[in-house]
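# Notes for the structure review
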Amino acid sequence: MIRVTVNGVTSEHAVEPRLLLTDFLRHHLGLTGTHVGCEQGVCGACTVILNGDSVRACLCLVVQADGGEIETVEGLGTVDNLNPLQKAFQEHHALQCGFCTPGMLMTGVDLLRKYPLATDAEIREGLSGNLCRCTGYVHVVQAIRSVVQAEKNGS
Amino acid sequence: MKPPAFEYLAATSLAQAVAALANDEAKIIAGGQSLVPMLNFRLLAPSLLVDITRIPGLDAIEEDGGGGLRIGALTRHHTLETSAMVQARFPVLSAAMKHVAHLAVRNRGTIGGSLCHADPAAELPGLALLLNAQLKTTQRTVAAADFFEGALSTALAGDEILTEIQLPALPPRTGWGFEEFARRSGDFALTAVGATVSLSDGEVAEARIVVIGADDTPLRASAAEVLLTDRSGIAAAAIAAQGQVSPNGDLHGSADYRRHLVGVLTRRALTAAWRRASGTGGEAP
């Protein structure tokens, strides 16, 4: 049995050791916001926060997350109450098809916590592990930049 | 794809993990950033995974009392990248860690895992060689120079676990350089070069140069190092380093291109190292 807290809700599950965190979130908890792209750690679509750090859910066995706290895109905000980064994505048109967006958001959350993101180059470097085939990244960078600015002005 | 089925043991002590590794088909898992992709591709099918991440005491970064550091094998790449102690004593290591994959992988991947996986294009094995690391295992202490035996191959026995990386203090007035070329940010290096230059009375007393990604293991460019201590200069050393490697070509870059990169990156890394050691922006020798 493993015990995990996902977006603040703790539950226990009997799982196979080989179950990936992606499939656990999607199939066992029905949290399909975490997307499965490449299943080899390249595309970043499955990025979630585990114990405060962004991780590739496809490169994490759920047994390794036993006892851990997980945040997924569903925990960021709701349609009626978007979190600031989600709102910035909406305002800056930082998504088109939306497949990469959960990974972009969860990566963005961790980048905003860990790095000053003083330059666009730093934001681009931070996003380099998240592939998007629609936007060309420009609007994603602008969205994150706007949150950095807003946090700076607010503090 | 999904991993094949295996048994799983979350070991709580080194003794328990070592005992479990008596099973020939057992594999150690730590951060899993190299192992899980191989499982997903079904390149590996271990019967048992021994998870060592819950063994306490293997992720500390401590001073060794002599100006060096002892770093636990379960330390994550991002911790190494941001540790104030590492930045103060081995800034080349902090700088190199920024080139390792992406934040989500650095958050999870352990430095012991990278060393034991021994990918020829990975940064950490090269840095261990550059910094003259001693690698402590459950059985012995091995010099980095004797640890890497080939691509994805090390001197570790099947039931031996790397526990600590010991980095001896660098000589006074040592500067460093680390230069990497990859096609995309976060990709494995086509080639990378790390260098340290130690000065004494304005002359190069010692130089160490390690080339990553140009052979089956990281390589000391010893022929080039000698040319710095005998005052032949950086340009000559870069040519010597280039002459010492025999990289393989693949679809990411031909052998000639990689050899060319070794020369260019060696020159840049040595120039940066010399400038840092001398504390001037002046003309490097």
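Residues numbered from 1 in each chain as written. Chains lettered and ligands numbered in written order. Predicted model: local features only at pLDDT ≥ 70, side-chain atom pairs only at ≥ 80, totals over all residues.

Attention now moves to the overall build of chain B. Helix and strand content of chain B: 12 helices and 14 strands. Across its three principal directions, the C-alpha atoms of chain B cover 60 × 45 × 30 Å. A buried classification covers 53% of the 285 residues belonging to chain B. (Helix = DSSP H or I, 4+ residues; strand = E, 2+ residues; numbered from the N terminus. Buried ≥ 20, exposed ≤ 12 C-beta atoms within 10 Å, placed from the backbone.)

Attention now moves to the overall build of chain A. Counting secondary structure elements, chain A contains 5 helices and 5 strands. In chain A, the succession of helices and strands from N to C terminus is β-β-α-β-β-β-α-α-α-α. For 155 residues, the compact-globule estimate of 2.2 N^0.38 gives 15 Å, and chain A sits close to it at 15 Å. Taken along its principal axes, the extent of the C-alpha atoms in chain A is 45 × 30 × 30 Å. (Rg over C-alpha atoms; globule rule 2.2 N^0.38 Å.)

Often the size quoted for an interface is simply the accessible area lost on bringing the parts together. Residue and element names in this part refer to chain A. Split into domains, chain A comes out as domain 1 (2-75) and domain 2 (84-154). A separation of 21 Å is found between the C-alpha centroids of domain 1 and domain 2. The interface is formed by 13 residues belonging to domain 1 together with 12 residues belonging to domain 2. Of all the secondary-structure elements, those providing two or more residues to the side of domain 1 that touches domain 2 are β3 (47-50) and β4 (53-56). Grouping the amino acids of the side of domain 1 that touches domain 2 by side-chain chemistry returns 6 nonpolar, 6 polar and 1 charged. (Domains from an automatic or database assignment. Contact = placed C-beta atoms within 7 Å. Nonpolar A, V, L, I, M, F, W, Y, C, P; charged D, E, K, R; others polar.)

A word on the nonpolar core. Counting 137 residues, the largest nonpolar core has B:Val197 and B:Val211 as the members making the most contacts within it. Not counting chain neighbours up to four residues away, the residues in contact with B:Val197 comprise B:Thr174, B:Gly175, B:Val204, B:Ala207, B:Leu228, B:Leu270, B:Ala273, B:Trp274 and B:Ala277. (Core = buried A, V, L, I, M, F, W, Y, C linked by C-beta atoms within 7 Å.)

The next point concerns the sheet that holds strand β2 (residues 9-13) of chain A. All names here are of chain A. Across the sheet, which stays open at both edges, the 5 strands sit in the order β2-β1-β5-β3-β4 with mixed pairing between neighbours. With partners counted over all chains shown, the strands left at the sheet margins are β2 and β4, one partner each. Across the sheet, the axes of successive neighbouring strands diverge by a mean angle of 35 degrees, strand direction being ignored. Relative to strand β5 (residues 69-71), β3 runs antiparallel, the two sharing 2 bridges. (Pairing = 2+ DSSP bridges. Axes fitted to C-alpha atoms, helices over the stretch in contact; angles between N-to-C directions.)

Time to look at the packing of helix α11 (residues 234-244) of chain B against helix α12 (residues 255-278) of chain B. Residues and elements named next belong to chain B. Direction vectors running N to C along α11 and α12 enclose 145 degrees, while the axes themselves pass 8 Å from each other. Of the two possible hands of crossing, α11 and α12 adopt the one that is right-handed. Taken together, the residues of α12 that come into contact with α11 (itself represented by Ile234, Ala235, Ala237, Ala238, Ile239, Ala241 and Gln242) are Arg259, Val262, Gly263, Thr266, Arg267, Leu270, Thr271 and Trp274. The class makeup of the residues in the contact of α11 with α12 is 9 nonpolar, 4 polar and 2 charged. (Left-handed = near helix turned anticlockwise from the far one by under 90°.)

Contact with chain B, which involves 27 residues of that partner, is made by 25 residues of chain A. When contributions to the side of chain B that touches chain A are tallied by element, the ones reaching two or more residues are β1 (7-10), α2 (35-40), β3 (48-51) and α6 (103-108) of chain B. The element best represented in the side of chain B that touches chain A is α6(B), accounting for 5 residues. When the residues that make up the side of chain B that touches chain A are grouped by side-chain class, the tally is 14 nonpolar, 8 polar and 5 charged.

Residue and element names in this part refer to chain A. With 17 residues, helix α5 (residues 138-154) extends 24 Å between its outermost C-alpha atoms, agreeing within 8% with the 24 Å of an ideal straight helix rising 1.5 Å per residue. Of all the residues in α5, the buried ones are Val140, Val141, Ala143, Ile144 and Val147. End-on view of α5: buried residues confined to an arc of 160 degrees, all on one side of the axis. Exposed positions of α5 whose direction lies more than 90 degrees from the buried face are Gln149, Lys152 and Asn153. Where α5 is buried, its residues touch α2 (84-91), α3 (101-114) and α4 (120-127). (Expected span 1.5 Å × (residues − 1). Arc of directions from axis to C-beta.)

Glancing now at unusual backbone geometry. Residues and elements named next belong to chain B. One non-glycine residue, Ala101, lies in the positive phi region at around 40 degrees. Inspection of the secondary structure puts Ala101 in the loop between α5 (91-97) and α6. Accessibility expressed as a C-beta count within 10 Å gives 25 for Ala101, which makes it buried.

Summarising the element assignment, B:Glu7 is placed in strand β1. Its 15 C-beta neighbours within 10 Å are what place B:Glu7 among the partly exposed residues. When the C-alpha positions of B:Glu7 and B:Val245 are compared, they lie 42 Å apart, and in sequence the two are 238 residues distant. Not counting residues up to four positions away in its chain, the partners in contact with B:Glu7 are A:Pro17, B:Ser47 and B:Leu48.

Here we take up the packing of α2(A) against α3(A). Residue and element names in this part refer to chain A. The interhelical angle for the contact between α2 and α3, taken along N-to-C directions, is 130 degrees, at an axis separation of 10 Å. On the basis of their axis angle, the class for α2 and α3 is oblique. Between α2 and α3 lies a crossing whose hand is right-handed. Facing Leu85, Gln86 and Phe89 of α2, the residues of α3 in contact are Thr101, Leu105, Gly108 and Val109. (Parallel < 35°, antiparallel > 145°, perpendicular 65-115°, else oblique.)

Let us now look at the environment of B:Glu63. Residue and element names in this part refer to chain B. Residue position: Glu63 is located in strand β4 (residues 61-63). For Glu63, a count of 12 C-beta atoms within 10 Å translates into the label exposed. What Glu63 contacts, discounting residues up to four positions off in sequence, is Leu69 and Met85.

A separate point is the sheet that holds strand β2 (residues 26-29) of chain B. All names here are of chain B. A sheet is described by the order of its strands in space; here 3 strands give the open sequence β1-β3-β2, paired in parallel fashion. Every other strand in the sheet has two partners, leaving β1 and β2 as the edge strands with one partner each. The mean inter-strand angle of the sheet, taken between neighbouring strand axes irrespective of direction, is 25 degrees. Two strands pair when backbone bridges link them, and β1 and β3 are joined in this way by 4 bridges, in the parallel orientation. By the bridge assignment, Ala10 is partnered in β3 with Asp51.

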